[in-house]
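For reference, the chains in residue letters:
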Amino acid sequence: MFTQTPTLASKNLCYSGFTMKIKILPLVLSVGVCFLAAGIGSVFTTSAIDTWYVTLQKPFFNPPNWVFGPAWTLLYLLMGISLYFVWVAKEDKKAKRQAFIFFFTQLTLNALWSILFFGLKSPSLAFGGIILLWIAIFITIRIFLQISKVAGWLLVPYLAWVSFATILNLSIFLLNR
């Protein structure tokens, strides 16, 4: 049975004797900062979809455009929840500081990719950016796993999607050079 006991700044979620206190403000801020990065990227993406992106040759495995919005929405949500678990973890400040540095590095690289690919219309520069992004996500997962297993595992779908996006980016670059 699932029960909720609300308080002003948090909620206790109980399931089969397991209780987890959710701190609302850190959760909202964690998810919010991820969607802020999404918003920055979308400024460059949306204007280029119907103009430049449609003119590119794409590989046979390129998903339809409607897939990207829901996929990235879910991934940004998972990133935010992952960040939250690290934020509220009972871990020393040095370990959390390192985790935050890598998390925000990958989040910045994530937004930068949209600027490179869609804003500058440069699949080649974007490919270099996405390689750096993949490395930063991988390191972030390794660090997060040391602080919170849940936080680290929540980023695995993101790494999988960026792995696919890396192949897609390279394919678009090669087909359009």
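Residues numbered from 1 in each chain as written. Predicted model: local features only at pLDDT ≥ 70, side-chain atom pairs only at ≥ 80, totals over all residues. Heavy atoms only, no water.

Peer 1: Where do I start with the environment of Q57 in this structure?
Peer 2: Its location among the elements puts Q57 in the loop between helix 1 (24-49) and helix 2 (65-87). Separated by 114 residues in the primary sequence, Q57 and S171 have C-alpha atoms spaced 9.1 Å apart. In this structure, Q57 is in contact with I172, L175 and N176, ignoring residues within four places of it in sequence. (Helix = DSSP H or I, 4+ residues; strand = E, 2+ residues; numbered from the N terminus. Contact = heavy atoms within 4.5 Å.)

Peer 1: Help me understand the nonpolar core in this model?
Peer 2: Generally speaking, soluble globular proteins have nonpolar side chains that are buried together. In this structure, Y53, W72, M79, F117, F118, F144 and Y158 are the most contacted members of the largest nonpolar core, which totals 48 residues. Sort the elements by how many residues they give to this core and helix 2 lands first, with 11 residues. If we skip the residues at most four places from it in the chain, Y158 touches W72, L75, M79, Q106, N110, L133 and I137. (Core = buried A, V, L, I, M, F, W, Y, C linked by side-chain atoms within 4.5 Å. Buried < 20%, exposed > 50% of the residue type's maximum accessible area, 1.4 Å probe, protein only.)

Peer 1: Can you walk me through the layout of surface pockets in this structure?
Peer 2: Picture a little ball the size of a water molecule; that probe, rolled over the atoms, points out where space is still empty. Roughly 650 Å³ of internal volume is contained in the largest pocket. Lining the largest pocket are 27 residues, and of these T45, F68, W72, S114 and F118 sit closest to its centre. Here the lining of the largest pocket gets seven residues from one element, more than from any other, and that element is helix 1. Looking at the lining of the largest pocket residue by residue, the classes come out as 17 nonpolar, 10 polar and no charged. (1 Å grid on protein atoms, 1.4 Å probe; cavity = no way out; pocket = protein on both sides within 12 Å on 5 of 7 lines; lining within 4 Å. Points joined across faces, edges and corners; volume = space filled by probe spheres on them. Nonpolar A, V, L, I, M, F, W, Y, C, P; charged D, E, K, R; others polar.)

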